[in-house]
Amino acid sequence: MVVTVRLRRVSDWPKVRLHVVTGKGGTGKSTVASALALALASGGRNVLLCEVEGRQGIARMFDVDPLPYQERRLTTGLPDAAGGRGVVHALHIDAESALLEYLSMYYRLGRAGKALDRFGVIEFATTIAPGVRDVLLTGKVYEAVQRNSRNKSAIEYDAVVLDAPPTGRITQFLNVSNELAGLAKVGPIKSQSDTMMTLFRSPRTAVHLVTVLEEMPVQETADGIAELRSAGLPVGGVVVNQVRPRDLSSDDLAAARAGTLDRARVEADLAEGGLAVGPGLVDGLLAEAADHAERRALEDSQRELVTGLGVPSYELPRMAGGIDLGGLYELAGLLRTQGMA
Amino acid sequence: MARSSTHRPSRVGPAGPGARPAGALDVDALLDDPGTGIIVCCGSGGVGKTTTSAALALRAAERGRKVVVLTIDPARRLAQSMGIEALGNTPSPVVGVQGSGSLEAMMLDMKRTFDEVVLAQASPEKAQQILANPFYIALSSSFAGTQEYMAMEKLGQIHRDAQAAGTYDLIVVDTPPSRSALDFLDAPERLSSFLDGRFVRLLLMPAKGPAKLMTAGIGLITNALTKILGAQFLKDLQTFVTALDTVFGGFRQRAQETYSLLKADGTAFLVVAAPEADALREAEYFVERLSEDEMPLAGLVVNRASPDPGGELSADEAMAASERLRRAGGSPTSSSTSPTSSLTAGLLRLHADRVRMVERERTLRERFATAHPQVATVVVPALAGDVHDLAGLRRVGDLLACSD
């Protein structure tokens, strides 16, 4: 591969077993979560990629049939320097199935279990009862990270990547057992949610935030980090997604903004490059340059803010042609060379 | 509210053989039509719904309408420039609107709206009991879905007030970025099924019904729940449901009224999307869902489109020329060893990148249009910076109305 030295770079998150990936809507958090799972699955490691929002985003991204509530082998991961691959598994978690599984795993309810369903308790618990939905979803994630003896023959994962709810909701989502603990003051649910919080607050968890270099997403990322910290949840890295191409030097960018690019030289170059320099071609290119330069300047100012957040950051390019499976591996490679995996 | 003009939003359905392509969305006609009483902007998160709502509201106001815009979660600086900070939960005038119309804006305070419903519906004593219940606190401040219920409630309130006092003739609503797309449409139904659900009836029963209705099944349930959740949980829940039962009766009725209001001719739904595969897929879902519920869909707004560079130069040609220049620049005999050759090569790569973006977006839009030819569409090019003042909103308004 290209730079072997960098390929061997140690991950910034060696202790992390649970990678939670959040981000403002439209920033590409599902793409980043998928790429991270691919990047982590090397050298025979097993990685589980989970989604909890019912969108079937993983299935679409990897072009497979909609996922059931069951761990499925999805694909092989990005090979490491020695060519060692791991496996990415996928799981689509929905609250109803999680509750039924939970009940059968922990309680032998027998007739009462059926009665719960018949009386609409399952529906009630998963749609209306505050916080319960989130605790069921996070509970299943917890179970996947911290396999227990009740779930026999389940795969022990080296890492779990969660395509989580958006930044605005992430703290509440992970902190839900706190909220639930306020409601259920005693009983097994209370102690189980306390155990879950212990994992989520430990160095074995990292909450990564995906952003693009625009004002609102960066602001939301900063707010999200502050919220996570005040809830005692471990902040991971910031992934800056959809970064514009850097084809112009900073001098040229400044000149483009000022409208002082050397028009005659560009025209001569174009002719030398074998292009028929029709009317409008140079004007068009210079106008594009000015527009690009303005957006790049905004990106740079936002990048400074991201740097100021004081957490590791990683950058991924904008893919002009969209992201296909090959593109995901490319992004995975970039995350790995930058040390995220 | 009778719709008088010809700009009737299409009731979308499956594109039958007679369906004609709707073409471009005429935003100004929609805003100027006195029959348009409510505009609802819906779409997935991060597509610019709030900005679109605010820009439409401002444009309508500056074209003479008396407008109120209900936003959910505006960017801080935009909220500041419109004079809507988190305070109030009632509309306040936006300063700086030009022309004869007027614009007021408010930001939804979910918990406060909920509290107000409780206070208005229950006796003071009962209201206090509800407000202090841990279930109520969790439900009103953090439960996913509450925002949708409350947006409906607030819309209904504003509409009733506007009808009574003639304060507004157009309400623009920004919807919460729901996970399950059109949760707010389901609000009345979910509420009803919640209240009429067997479980809730069950919880209410000991307080109301005779003891002999406590069948063996109920005993099983109560025991199971107590085992899992603890007795206090069940007791709090029971208190909560009992207390809310009376309050919710009125709430449910109003939610149903609001639902009918949304379905009426005076309402226009705009689906907002970005030219990304995901966002357009969501938009498709919205269009289908609105059509299922026979909601009046006015059209699709595709925000943040990459500006078309125009011209004849294709991406491949630009890349090839850029590559030739790069190679020539590296050769010592070349006449253009100056930095401009790398500049020009860079310009060509940028051009190629932009052409590819534009082409991809066009393909995505065309696919959408093929599947839903009856949906009128407007494409809004991406601005370089964020919008945080009235001038910026005006500019977005111009772009929406294609009068730029």
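Residues numbered from 1 in each chain as written. Chains lettered and ligands numbered in written order. Predicted model: local features only at pLDDT ≥ 70, side-chain atom pairs only at ≥ 80, totals over all residues. Heavy atoms only, no water.

- The name given to chain B in an unreviewed UniProt entry is ArsA family ATPase, and the organism recorded there is Nocardioides albidus.

Some points on the overall build of chain A
Phase 1: What chain A contains, in helices and strands, is 15 helices and eight strands.
Phase 2: Considering chain A as a whole, with its 341 residues, one finds that 55% of them fall into the buried category.
Phase 3: Carbon and sulfur atoms make up 53% of the accessible area of chain A, which totals about 13,900 Å². (Helix = DSSP H or I, 4+ residues; strand = E, 2+ residues; numbered from the N terminus. Buried < 20%, exposed > 50% of the residue type's maximum accessible area, 1.4 Å probe, protein only. Areas by Shrake-Rupley, 256 points an atom, 1.4 Å probe, with all protein chains shown as cover.)

Notes on the overall build of chain B
Phase 1: For chain B, the helix and strand inventory stands at 15 helices and nine strands.
Phase 2: Counting only residues that meet the buried cut, chain B has 54% of its 404 residues in that class.
Phase 3: Pairs at least 24 apart in sequence give 79% of the contacts found in chain B among residues at least 6 apart.
Phase 4: By element, 53% of the accessible surface of chain B is carried by carbon and sulfur atoms, the whole surface being about 16,700 Å². (Contact = heavy atoms within 4.5 Å.)

Quick word on the domain arrangement of chain B
Residue and element names in this part refer to chain B.
Phase 1: For chain B, the domain assignment lists domain 1 (21–306 + 382–399) and domain 2 (315–361).
Phase 2: Domain 1 puts four residues into the contact, and the matching count from domain 2 is four residues.
Phase 3: Both faces combined, the contact of domain 1 with domain 2 buries some 360 Å², and carbon together with sulfur accounts for 40% of it.
Phase 4: Per-residue buried area on domain 1 facing domain 2 is highest for Pro275, Glu276 and Ser306; these three make up 92% of the total on that side.
Phase 5: Linking domain 1 to domain 2 there are one salt bridge.
Phase 6: Glu276 serves as the salt-bridge partner of Arg360, at 3.6 Å between the closest nitrogen and oxygen.
Phase 7: Here domain 1 and domain 2 share one residue pair in polar contact (both at pLDDT 80 or more) between them.
Phase 8: Looking at the side of domain 1 that touches domain 2 residue by residue, the class counts come to two nonpolar, one polar and one charged. (Domains from an automatic or database assignment. Buried area = accessible area lost by both parts, 1.4 Å probe. Salt bridge = Lys/Arg side-chain N within 4 Å of Asp/Glu carboxyl O. Polar contact = N/O pair within 3.5 Å; in protein donor to acceptor, adjacent residues only side chain to side chain. Nonpolar A, V, L, I, M, F, W, Y, C, P; charged D, E, K, R; others polar.)

Points about the side chain of B:Ser44
Residues and elements named next belong to chain B.
Phase 1: Take Ser44: it is sitting in the loop between β2 (38–42) and α2 (49–62).
Phase 2: When its relative accessible area of 13% is taken as the criterion, Ser44 is described as buried.
Phase 3: Ignoring any residue separated from it by four or fewer positions in sequence, one finds Ser44 in contact with Lys49, Val272, Ala279, Glu282 and Phe286.

Some remarks on the environment of A:Asp117
Residue and element names in this part refer to chain A.
Phase 1: Considering the arrangement of structural elements, one finds Asp117 in helix α5 (residues 111–118).
Phase 2: Of the residues examined, Asp117 reaches a relative accessible area of 44% and is grouped as partly exposed.
Phase 3: Considering only alpha carbons, one finds Asp117 and Ala287, 170 residues apart in sequence, at a separation of 63 Å.

Describing the pattern of salt bridges
Residues and elements named next belong to chain A.
Phase 1: Enumeration over the complete set of coordinates arrives at 36 salt bridges over all chains.
Phase 2: Between Arg246 and Glu315 there is a salt bridge whose closest N-O contact spans 3.0 Å. One end of the pair, Arg246, is in the loop between β7 (235–243) and α12 (250–258); the other, Glu315, is in strand β8 (residues 313–317), and 69 residues separate them in sequence.
Phase 3: Arg303 is paired through a salt bridge with Asp300; the nearest N and O atoms lie 2.8 Å apart. With Arg303 and Asp300 both in helix α14 (residues 281–307), this residue pair falls three residues apart, about one helical turn.

A word on unusual backbone geometry
All names here are of chain A.
Phase 1: Non-glycine residue Gln56 carries a positive phi angle of around 55°.
Phase 2: By the element assignment, Gln56 lies in the loop between β2 (46–51) and α3 (57–61).
Phase 3: A relative accessible area of 16% means that Gln56 is categorised as buried.

Some details on the confidence of the model for chain A
Segments scoring low in pLDDT should not have their predicted coordinates read at a detailed level.
Phase 1: Chain-level statistics for chain A give a pLDDT mean of 87 and a share of 88% at 70 or above.
Phase 2: Taken as a whole, residues 1–7 of chain A scores under 50 in pLDDT and shows three contacts with residues more than four places along the chain or in a different chain. (pLDDT = per-residue confidence, 0-100.)

Regarding the sheet that holds strand β3 (residues 72–76) of chain A
All names here are of chain A.
Phase 1: Here eight strands make up an open sheet; going across it, the order is β3-β4-β2-β5-β1-β6-β7-β8 and the pairing mixed. Each edge of the open sheet carries a strand with a single partner, namely β3 and β8. Mean inter-strand twist for the sheet, computed between neighbouring axes without regard to direction, equals 25°.
Phase 2: Across six bridges, strand β1 (residues 18–23) lies against strand β6 (residues 205–211) in parallel orientation. The residue of β6 that forms the bridge with Thr22 is Leu209.
Phase 3: Contacting β6 and β7, helix α11 (residues 215–230) runs over the sheet at an angle of about 165° to β6. (Pairing = 2+ DSSP bridges. Axes fitted to C-alpha atoms, helices over the stretch in contact; angles between N-to-C directions.)

Considerations on helix α7 (residues 132–145) of chain A
Phase 1: The terminal C-alpha atoms of α7(A) lie 20 Å apart, and with 14 residues this matches the ideal 20 Å at 1.5 Å per residue to within 8%.
Phase 2: The element α7(A) is extensively covered by neighbouring structure, given that 13 of its 14 residues are classed as buried. (Expected span 1.5 Å × (residues − 1).)

Side note on the side chain of A:His19
Phase 1: Among the secondary structure elements, A:His19 is positioned in strand β1.
Phase 2: When neighbours within four sequence positions are excluded, A:His19 is seen to be in contact with A:Trp13, A:Leu36, A:Leu40, A:Ala159, A:Val160, A:Val161, A:Leu162, A:Ala206 and A:His208.

Notes on the confidence of the model for chain B
All names here are of chain B.
Phase 1: The predicted model of chain B has a mean per-residue pLDDT of 81, with 78% of residues at 70 or higher.
Phase 2: Per-element confidence in chain B ranges from a low mean pLDDT of 50 for strand β1 (residues 10–11) to a high of 96 for helix α1 (residues 27–32).
Phase 3: When the criterion is pLDDT under 50, residues 332–337 qualifies, and its contacts beyond four places in sequence or with other chains add up to eleven contacts.
Phase 4: Both scores are given for the predicted complex: the pTM is 0.85, the ipTM 0.84.

Description of the environment of A:Ser193
Residue and element names in this part refer to chain A.
Phase 1: By secondary structure assignment, the location of Ser193 is in helix α10 (residues 188–200).
Phase 2: When its relative accessible area of 2% is taken as the criterion, Ser193 is described as buried.
Phase 3: Taking the C-alpha atoms as reference points, Ser193 and Asn175, separated by 18 residues in sequence, lie 9.5 Å from one another.

Regarding the pairing of strand β5 (residues 159–163) of chain A
Residue and element names in this part refer to chain A.
Phase 1: Taken across its five residues, β5 has five buried, putting it largely inside the fold.
Phase 2: Judged by which residues are buried, β5 turns out to be covered on both faces: Ala159, Val161 and Asp163 on one side and Val160 and Leu162 on the other are all buried.
Phase 3: Examined bridge by bridge, β1 and β5 share four bridges and lie parallel to one another. Each bridged residue has a counterpart across the sheet, and for His19 the counterpart in β5 is Val161.

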